[in-house]
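As a plain string of letters, each chain reads:
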Amino acid sequence: MKKYLILSALALTFVSGCTTELSKEDRALLKSANENAREAKEQAASAAADARAAKADADRAADAAEAASSKAETSSEKADRIFRQGQNK
């Protein structure tokens, strides 16, 4: 645990030391990169939400198809029974 604390303190010291020496162009570039990263994160979250919604839609469609297949099989069996009963008369 102490190791991580020391590494964090060193990283913070290094970053804070570098931040004071950055030029205006470098700061603008970092700010732009940070904004782009934030936008990318938001787009990724949106895409993930869209994917979850699409999966839910696909699951519902698969369930409906399975139910329709089951009903078709039941109807086919019933039609076969009726046909056989008609032949036996």
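Bear in mind that the values here come from a model prediction, so they are computed numbers and not experimental data.

Conventions we followed
Residues numbered from 1 in each chain as written. Predicted model: local features only at pLDDT ≥ 70, side-chain atom pairs only at ≥ 80, totals over all residues. Heavy atoms only, no water. Helix = DSSP H or I, 4+ residues; strand = E, 2+ residues; numbered from the N terminus. Buried < 20%, exposed > 50% of the residue type's maximum accessible area, 1.4 Å probe, protein only. Areas by Shrake-Rupley, 256 points an atom, 1.4 Å probe, with all protein chains shown as cover. Salt bridge = Lys/Arg side-chain N within 4 Å of Asp/Glu carboxyl O.

> If you had to explain the overall build of the protein to someone new, which residues and values would you point to?
Counting its regular elements, the protein contains two helices and zero strands. Counting every position in the protein, which comprises 89 residues, the buried fraction comes to 0%. Surface exposure of the protein reaches about 8,200 Å², of which carbon and sulfur atoms provide 60%.

> Mind laying out the pattern of salt bridges, listing which residues take part and the relevant values?
Inspection of every chain in the model, using the stated rule, returns two salt bridges. Across the pair Asp 59 and Lys 55 runs a salt bridge, and its minimum N-O distance is 3.0 Å. A residue pair is termed a helical-turn pair when its members lie 3 or 4 positions apart in one helix, as Asp 59 and Lys 55 do in helix H2 (residues 24–88) at four residues. The salt bridge involving Asp 57 is made with Arg 60; its shortest N-O contact spans 2.2 Å. Linking Asp 57 with Arg 60, this pair stays in helix H2, spanning three residues, or about one helical turn.

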